[in-house]
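What follows is the residue order along each chain.
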Amino acid sequence: MATLSDANRLVIKIGSALLVDRDTGALRADWLKSLAEDVAWLKGAGKDIVLVSSGSIALGRGVLGLGNADLALDQSQAAAAVGQIRLAGAYEEALKPHGITTAQVLVTLEDSANRRRYLNSRATLAQLLSLGALPIVNENDTVATDEIRYGDNDRLAAQIALTVGADHLILLSDVDGFYSANPQNDASAKRFETIDEITPQIEAMAGEGTSGLSKGGMITKLLAAKTATGGGCAMAITEGSTLNPLRALSNGANATWFTAKGTPQLARKGWIASMKPQGQLQVDAGAEAALLKGKSLLPAGLAGVTGQFDRGDPVEIIAAQGHKLGQGLSAYSSDEARAIRGKHSSEFETILGYSGRSVIIHRDDMAL
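The model shown is predicted, which means the values in this text are computed figures rather than measured ones.

A few points about the side chain of S34
Here is step 1: Checked against the element boundaries, S34 lands in helix 2 (residues 29–44).
Here is step 2: Of the polar contacts made by the side chain of S34, one reaches the backbone nitrogen of N244; its length is 2.9 Å.
Here is step 3: Beyond its immediate chain neighbours, meaning those up to four positions away, S34 contacts L243, N244 and P245.

Here it is, written out as structure tokens:
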């Protein structure tokens, strides 16, 4: 069974009901303070942390006096606009005493469905983590419509876990795990300690959530688990309303752990290798040697570009002798790749009109 101690990079999802008091619509400041203590403890242990936080609509509706009734789309977006700034400020205030720099990242479904946007999001999150910042991700409810919404932050958290290559995803919920039936309605319901495979029988046991502030039920959590574990990321569902919920989980609090299939790195490389290539990048002998040592592909090592492709498209990597080395996601379009072939990154701005990225395929976006 996975534990927090063996995690290197965690994504932690926080539901609205944990952050916002349902009756008053006010922020649960003491709980958020305790969560900040947990985050500081985990970061102090050398772990990368990303938060996926609900709460902007719940906070905003209280400020605007919209009550707990279902909101129309424009009301939800207005509440999100008011709530987002308050939510970001609350996180900053709670984490600042621990010397943690916070960053707000707002996304929509389009940002993961569109490969170019996905690469941009991934690069931004990776840079924030490398600089020691704490990304706080939320769906951009001020602009998202039903067609471009995740619809719940459980699945968003799973997608973010894959985007950043996390090995653990923690869903802080209003229940302490996955049960064979709804424990509020069935006294005989049993909690699962570990689920190695999400079978049709497991799916049939899923019920709906009971919180008046959150929309996610067990069905969405199972969907999140499928996404996360398929990408090599273990996932836990645990009770989050207690103070210091991550410490509690580390100390053996009730939870259900879903077993990861492989590692994030292997899952990602398998996904890249399975794509249909849109073009080819031929490399010189020096670049080939560097790639085989685990390096990224630099434009300086490009010997040729074949086909028409856009940024983010999969392309084959061809050795100087003509055999296929592997496949990767190009950071440049085919036209741009041709323009910077054999060039140093210091020349990119003059050639392209913008500075661009130093690599044409990052090693994390490559399967050899």
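So, the nonpolar core
Here is step 1: If you look at the biggest cluster of nonpolar residues, it comprises 35 residues, and the most contacted ones within it are I12, I14, L35, L51, Y91, I170 and L172.
Here is step 2: A per-element tally of this core places helix 2 first, with six residues.
Here is step 3: Listed in part, the 34 residues of the second largest apolar core include V52, L156, A157 and V164.

Points about helix 12 (residues 285–292)
Side chains of residues three or four places apart in an α-helix project in the same direction, reflecting 3.6 residues per turn.
Here is step 1: Along helix 12, the residues classified as buried are A287, E288 and L291. Burial along helix 12 is one-sided: seen end-on, the buried residues are contained in an arc of 105 degrees. Within helix 12, the exposed residues directed more than 90 degrees away from the buried face are A285 and G286.
Here is step 2: Residues of helix 12 that are buried sit in contact with strand 9 (280–283), strand 11 (314–318), strand 12 (324–329) and strand 13 (366–367).
Here is step 3: With a side-chain oxygen positioned 3.3 Å from the backbone nitrogen of G286, the residue opening helix 12 is D284.

Quick look at the packing of helix 6 (residues 115–130) against helix 7 (residues 153–164)
Here is step 1: At a minimum axis distance of 9 Å, the contact between helix 6 and helix 7 shows a crossing angle of 75 degrees. In terms of orientation, helix 6 and helix 7 fall into the roughly perpendicular class. From helix 6, Y118, R122, L125 and L129 reach across to helix 7, where they touch Q159, I160, L162, T163 and V164.

Structural notes on the sheet that holds strand 8 (residues 255–258)
Here is step 1: If you walk across this open sheet you meet the eight strands as 3-4-2-1-5-7-8-6, and the pairing is mixed. Here the strands that pair on one side only, and so sit at the sheet edges, are strand 3 (102–107) and strand 6 (194–195).
Here is step 2: One ladder, built from two bridges, connects strand 2 (residues 48–53) with strand 4 (residues 134–139); its direction is parallel. Directly across from L51, in strand 4, lies its bridge partner I136.
Here is step 3: Helix 7 rests against strand 1 (9–14), strand 2, strand 3, strand 4 and strand 5 (168–173) of the sheet, and its axis sits at about 165 degrees to strand 1.
Here is step 4: Of the strands in this sheet, strand 5, strand 7 (234–239) and strand 8 touch helix 9 (residues 218–230), which is tilted by about 150 degrees from strand 7.

A word on the sheet that holds strand 13
Here is step 1: Strand order in the open sheet formed by five strands is 10-9-11-12-13, with mixed pairing between adjacent strands. What marks the edges here is a single partner per strand, and that holds for strand 10 (302–306) and strand 13.
Here is step 2: Where strand 9 lies against strand 11, three bridges are found, and the strand directions are parallel. Across the sheet, Q280 pairs through a bridge with E316, a residue of strand 11.
Here is step 3: Along the sheet, helix 12 contacts strand 9, strand 11, strand 12 and strand 13; its crossing angle with strand 9, the most-contacted strand, is approximately 105 degrees.

Quick word on the packing of helix 3 (residues 56–64) against helix 4 (residues 73–95)
Here is step 1: Their axes nearest at 6 Å, the elements helix 3 and helix 4 cross at an angle of 105 degrees. If you check the angle between helix 3 and helix 4, you find them roughly perpendicular. On the side of helix 3, the interface is formed by S56, I57, L59, G60, R61, V63 and L64, while helix 4 contributes S76, A78, A79, A80, V82, G83, Q84, R86 and L87.

Regarding the pattern of salt bridges
Here is step 1: Taken as a whole and assessed by the stated rule, the structure comprises nine salt bridges.
Here is step 2: D154 serves as the salt-bridge partner of K13, at 3.1 Å between the closest nitrogen and oxygen. Remark: D154 occurs in helix 7 and K13 occurs in strand 1; sequence separation between them is 141 residues. Both residues of the pair, K13 and D154, belong to the buried class.
Here is step 3: Residue D154 pairs with K221 through a salt bridge whose shortest N-O separation is 3.2 Å. Pair noted here: D154 is in helix 7 and K221 is in helix 9, with a separation of 67 residues, a long-range link. Grouping residues by exposure puts D154 and K221 together as buried.
Here is step 4: Because the salt bridges share partners, they merge into one network encompassing K13, D154 and K221.

Some words on unusual backbone geometry
Here is step 1: With phi around 50 degrees, N244 is a residue other than glycine that occupies positive phi space.
Here is step 2: Note that N244 resides in the loop between strand 7 and helix 10 (245–250).
Here is step 3: Overall, N244 belongs to the partly exposed group, its relative accessible area being 22%.

What about the pairing of strand 12?
Here is step 1: Within strand 12, five of the six residues are buried, which leaves the element mostly enclosed by the surrounding structure.
Here is step 2: Direction of pairing for strand 11 relative to strand 12: antiparallel, over a ladder of five bridges. Bridge pairing in strand 12 links P314 to L329.
Here is step 3: Between strand 11 and strand 12, which pair antiparallel one after the other, the connecting turn spans five residues, and G322 there sits at a positive phi close to 100 degrees.
Here is step 4: For strand 12 and strand 13, the ladder comprises two bridges, and the chain directions are antiparallel. Along strand 13, the bridge assignment pairs G328 with M366.

Conventions and cut-offs
Residues numbered from 1 in each chain as written. Predicted model: local features only at pLDDT ≥ 70, side-chain atom pairs only at ≥ 80, totals over all residues. Heavy atoms only, no water. Helix = DSSP H or I, 4+ residues; strand = E, 2+ residues; numbered from the N terminus. Polar contact = N/O pair within 3.5 Å; in protein donor to acceptor, adjacent residues only side chain to side chain. Contact = heavy atoms within 4.5 Å. Core = buried A, V, L, I, M, F, W, Y, C linked by side-chain atoms within 4.5 Å. Buried < 20%, exposed > 50% of the residue type's maximum accessible area, 1.4 Å probe, protein only. Arc of directions from axis to C-beta. Axes fitted to C-alpha atoms, helices over the stretch in contact; angles between N-to-C directions. Parallel < 35°, antiparallel > 145°, perpendicular 65-115°, else oblique. Pairing = 2+ DSSP bridges. Salt bridge = Lys/Arg side-chain N within 4 Å of Asp/Glu carboxyl O.

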